[in-house]
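Given next are the chains, with one letter for each unit.
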Amino acid sequence: GVWWGWWLGAEVSARQKDLQTVEREAARLAEVRRQMARFETQKKLLEERVAVIEQLKRNQTGAADLLESILVGVPDRPTLWLTSLNQKGKQVTVEGRAFDVPSIADFISVLSGNRLFKAVELAYWQEDEPAIKFQLNCDLR
């Protein structure tokens, strides 16, 4: 009896210590999982930010290339100048003024020869003294 009771008590005490150890380990692992989940969320947010920054860089480079491509077509002599440039997706609208129709035709020819543009079309031109008002619709590749 007494020995059996003592042994049983010691066994219960050992199992309770084991249980406490397991519970502490479970609590520690639960905290590790929470931290991992937090790190994963932070990593995902960081990756999204990096992707946005990369996209902005690409857009900025694309916008700079587009502007450079269009400005190259503006003649050195003051016979044609631009008043607006808008881009929506792959459609670019260029508006400007020119002193003569050949200047507009030359500008269209230069833009048409550029690798960025799939098509360049004269949307309209209108005599508007002292210059001719025009609009071009350009499709990007």
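Each remark here, short or long, concerns the structure printed above.
Criteria and thresholds
- Residues numbered from 1 in each chain as written.
- Predicted model: local features only at pLDDT ≥ 70, side-chain atom pairs only at ≥ 80, totals over all residues.
- Heavy atoms only, no water.
- Core = buried A, V, L, I, M, F, W, Y, C linked by side-chain atoms within 4.5 Å.
- Buried < 20%, exposed > 50% of the residue type's maximum accessible area, 1.4 Å probe, protein only.
- Helix = DSSP H or I, 4+ residues; strand = E, 2+ residues; numbered from the N terminus.
- Contact = heavy atoms within 4.5 Å.
- Salt bridge = Lys/Arg side-chain N within 4 Å of Asp/Glu carboxyl O.
- Pairing = 2+ DSSP bridges.
- Axes fitted to C-alpha atoms, helices over the stretch in contact; angles between N-to-C directions.

Brief notes about the nonpolar core
- Counting 18 residues, the largest nonpolar core has I70, F107, L111, F117, L136 and C138 as its most contacted members.
- Mapped by element, the contributors of at least two residues to this core are α1 (2-73), β2 (91-98), α2 (101-112), β3 (117-128) and β4 (131-140).
- Broken down by element, this core gets its largest block of residues, five residues, from β4.
- Contact partners of F117, with chain neighbours within four places excluded, come to L66, S69, I70, L111, C138, D139, L140 and R141.

Comments concerning the environment of G73
- With respect to the helices and strands, G73 occurs in helix α1.
- Taking the relative accessible area as the measure of exposure, G73 reaches 8% and is therefore buried.
- Considering only alpha carbons, one finds G73 and I104, 31 residues apart in sequence, at a separation of 10.0 Å.
- Excluding residues within four positions of it along the chain, G73 makes contact with F107 and V110.

Remarks on the pattern of salt bridges
- The tally for this structure, following the rule as stated, stands at three salt bridges.
- R15 serves as the salt-bridge partner of D18, at 3.0 Å between the closest nitrogen and oxygen. Placement of both D18 and R15 in helix α1 is noted, with a separation of three residues, approximately one turn of the helix.
- Given the relative accessible area of 48%, R15 is considered partly exposed.
- Across the pair E25 and R28 runs a salt bridge, and its minimum N-O distance is 2.7 Å. Pair noted here: E25 and R28 are both in helix α1, with a separation of three residues, about one helical turn.

So, the sheet that holds β4
- Within the open sheet, the four strands sit side by side as β1-β2-β4-β3. Their pairing is antiparallel. The sheet terminates laterally at β1 (80-88) and β3, the two strands that pair on one side only. Looking at each pair of strands side by side, their axes are set apart by 15° on average, direction ignored.
- Examined bridge by bridge, β3 and β4 share ten bridges and lie antiparallel to one another. Paired with D128 across the strands is A131, a residue of β4.

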